[in-house]
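In case you want the letters, here they are:
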Amino acid sequence: MQPRNSRPNSAALRGAVDLAAVKAAGEAAQKAEQARAERARQAAAAEAAGVAPDRPAYELVIDVTEDTFESEVVQRSAEVPVVIDFWAEWCGPCKQLSPILERLADEYAGRIVLAKIDVEANQLLAQQFGIQGIPAVMAVVAGQLVPLFQGAESEANVRKVLDQLILVAEQRFGVAGGSAAPGTAGEAAPVLPEDPALAAAHDALDRGDLGGAVQAYRNVLADQPGNTEARLGLAQAELLHRVEALDPQAVRAAAAADPKDVEAQLRAADLDLVGGHVEDAFGRLVDTVGKTFGEDRDTARLRLLELFEVIGPEDSRVTAARTALARVLF
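Residues numbered from 1 in each chain as written. Predicted model: local features only at pLDDT ≥ 70, side-chain atom pairs only at ≥ 80, totals over all residues. Heavy atoms only, no water.

1. Focus: the sheet that holds strand β4 (residues 136-141)
Working step 1: On the basis of which strands lie adjacent, the open sheet formed by 5 strands has the order β1-β3-β2-β4-β5 and mixed pairing. Where the open sheet ends on each side, the last strands, each with one partner, are β1 (61-63) and β5 (144-150). Looking at each pair of strands side by side, their axes are set apart by 25° on average, direction ignored.
Working step 2: Where strand β2 (residues 82-87) and strand β3 (residues 113-118) come together, 6 bridges link them in parallel fashion. Bridge pairing in β3 places Val82 opposite Val113. (Pairing = 2+ DSSP bridges. Helix = DSSP H or I, 4+ residues; strand = E, 2+ residues; numbered from the N terminus. Axes fitted to C-alpha atoms, helices over the stretch in contact; angles between N-to-C directions.)

As structure tokens, this is what we get:
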């Protein structure tokens, strides 16, 4: 997966799209809730005994290699959001950004962990994540990849991204990390009120009620057309709903048999995206747009725009696909 290539915003915090995401998020939320309850019990016991709460048992800033990635990042992400800093010694902007990330990791005191990956020493990881420029910053939450931003950023912007990441990690995945930032021990973390209608849509998605989630997100957008979170949720729910009953083998056979069969290509592209093959999904629809005319071409183009929405408009794969789409259209 590739990083975003422009300024960070909350629209990037959407997690990976796959058919197991709803189940995984629910399981992660249950485990995290149990962990939070245990932490609360320990904190209450410590307070009663007049003992200051312990800092998290895990290190806040760690160097990660190809050998330790699974244990240090993927497994740990079930307990705390893991922010990944892709860097190299020769990279000037990295030397500006890395100290900011390290300082904030310490300040947040366990609500995130910072994993530093030297792309020169870990080229296979860099290739697997599609790193095309550094510094690049991503996160892993409950095993789900969350692209954040690429390039140096101010501390204020990085702080906003981390705050949003922590909020999404807790609300959508139930992953809350450790203690609060220094100076806030014993204080409850602020909870932002959530629109009940939007919460109902999220709940339907978490339950696997995809049809109900689609309708619930549409209800939110009917009253709040500019609600970005509802729009993103609708795009994902519609995608998952479309592929729910598909036979992957039959779909791919039909698409291979007739490259000009627009409906077959749409179904195959949906499966590509859900399976994590983002570039394949985009490439398939760009090719379909190039091979068709009139209503068929417009149908393929609109579906491609819908899939752009699922991934996020500033993702580098979306940028590349938009360029390719422009070439076949004009």
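2. Topic: the environment of Ala281
Working step 1: Among the structural elements, Ala281 can be located in helix α11 (residues 278-291).
Working step 2: A sequence separation of 14 residues divides Ala281 from Arg267, and the C-alpha atoms of the two residues are 9.8 Å apart.
Working step 3: If we skip the residues at most four places from it in the chain, Ala281 touches Ala269, Asp272, Leu273 and Leu307. (Contact = heavy atoms within 4.5 Å.)

3. Let's talk about the side chain of Ser98
Working step 1: Positionally, Ser98 belongs in helix α3 (residues 92-108).
Working step 2: Judged by relative accessible area, which is 8%, Ser98 ranks as buried.
Working step 3: A distance of 3.3 Å separates a polar atom in the side chain of Ser98 from a polar atom in the side chain of Lys116.
Working step 4: Among all residues touching Ser98, those that are not within four sequence positions of it are Asp85, Trp87 and Lys116. (Buried < 20%, exposed > 50% of the residue type's maximum accessible area, 1.4 Å probe, protein only. Polar contact = N/O pair within 3.5 Å; in protein donor to acceptor, adjacent residues only side chain to side chain.)

4. Notes on the pairing of β3
Working step 1: By the criterion of burial, β3 is predominantly enclosed, with 5 of the 6 residues buried.
Working step 2: Pairing of β1 with β3, which is carried by 3 bridges, proceeds in the parallel orientation. When the bridges of β3 are listed, Asp63 appears paired with Lys116.

Purely geometric stuff here, so don't read any function into it on its own.
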